[in-house]
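Fold and geometry: a report
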Amino acid sequence: SKISFVKNRFNELAYEKLSKGITNPKPEYVSSFAESCESITDGTCEFCILPISNSTDGHMKSFYSMLDRYELKISASTDIEDDIGTVKYARIARACKPVDLKDKNAKYIFEFSVISSDGEFLSPLFTVADLAQATPVSIDSIPVEYDSHLKRFFFTFSLTPQNATPFRLYVALKFQNYTPIGIYKEIK
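In this text the structure is predicted, and so the values were computed from the model without any measurement.

**What about the environment of Pro-124?**
- Topologically, Pro-124 is positioned in helix α4 (residues 122–131).
- Taking the C-alpha atoms as reference points, Pro-124 and Lys-174, separated by 50 residues in sequence, lie 9.9 Å from one another.

**Regarding the pattern of salt bridges**
- Applying the stated criterion to the full structure yields five salt bridges.
- Between Lys-2 and Glu-28 there is a salt bridge, with its nearest N and O atoms 3.9 Å apart. With Lys-2 in strand β1 (residues 2–6) and Glu-28 in strand β2 (residues 26–30), this residue pair connects regions lying 26 residues apart in the sequence.
- Under the relative-accessibility criterion, Glu-28 is labelled partly exposed at 26%.

**Some words on the packing of aromatic side chains**
- For the structure shown, the criterion picks out 19 aromatic pairs.
- Ring geometry for Phe-126 and Phe-157: centres 5.8 Å apart, planes at 50°, overall tilted. With Phe-126 in helix α4 and Phe-157 in strand β9 (residues 147–159), the pair connects residues that are 31 residues apart, well separated along the chain.
- Ring centres of Tyr-170 and Phe-175 lie 6.1 Å apart, and the angle between their planes is 85°; this geometry places the pair in the edge-to-face category. Here the two residues Tyr-170 and Phe-175 agree in accessibility, since each one is buried.
- Three or more aromatic residues joined by ring pairs form one cluster here, namely Phe-110, Phe-112, Phe-121, Phe-126, Phe-153, Phe-155, Phe-157, Phe-167, Tyr-170, Phe-175 and Tyr-178.
- Lys-7 extends its terminal NZ or CZ atom over the ring of Tyr-29, reaching a point 4.6 Å from the ring centre.
- Over the ring of Phe-47 we find Arg-91, and its NZ or CZ is 5.3 Å from the ring centre.

What counts and how
- Residues numbered from 1 in each chain as written.
- Predicted model: local features only at pLDDT ≥ 70, side-chain atom pairs only at ≥ 80, totals over all residues.
- Heavy atoms only, no water.
- Helix = DSSP H or I, 4+ residues; strand = E, 2+ residues; numbered from the N terminus.
- Salt bridge = Lys/Arg side-chain N within 4 Å of Asp/Glu carboxyl O.
- Buried < 20%, exposed > 50% of the residue type's maximum accessible area, 1.4 Å probe, protein only.
- Phe/Tyr/Trp six-rings, centres within 6.5 Å; stacked < 30°, edge-to-face > 60°.
- Lys NZ or Arg CZ within 6 Å of the ring centre and 35° of its normal.

If you want it as structure tokens, here you go:
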């Protein structure tokens, strides 16, 4: 499986960790992050590696915009220490991987966004999250480019494989402006 990424020391460290569990991983060097995403959509590569957050700035909105633009999903993540702090890198794929229900001790990260004009949906969302034992990891929002009255809310939850499917189903059915970003494990 070819994995594209921009060649530098930190991306190579992320590749080493994120290629574990991939059958016959092969690096494919590209000159830009956009080219890396395009390599998945054109079928040249099965995965790419992108930085998605850091300990200084939090979520890197430009990379999440690329996921949205190219309709890609996060399939795994890992943390890499750099000179300033920690950078979270993600292995990106065309679709979300299925949750492994056999691994009872696993913790999954579920990321998604919802577009809304207000935050009224937050209370029922967190009530259901509590019932599903989904622990909030981060919440963020940005204005939607095409309508200043709307915001895109980004959510990250940690949850068990057994609770992942019912919680994902609730979110998908309840919110018509829901976009899955990924359901994945963090690779240490």
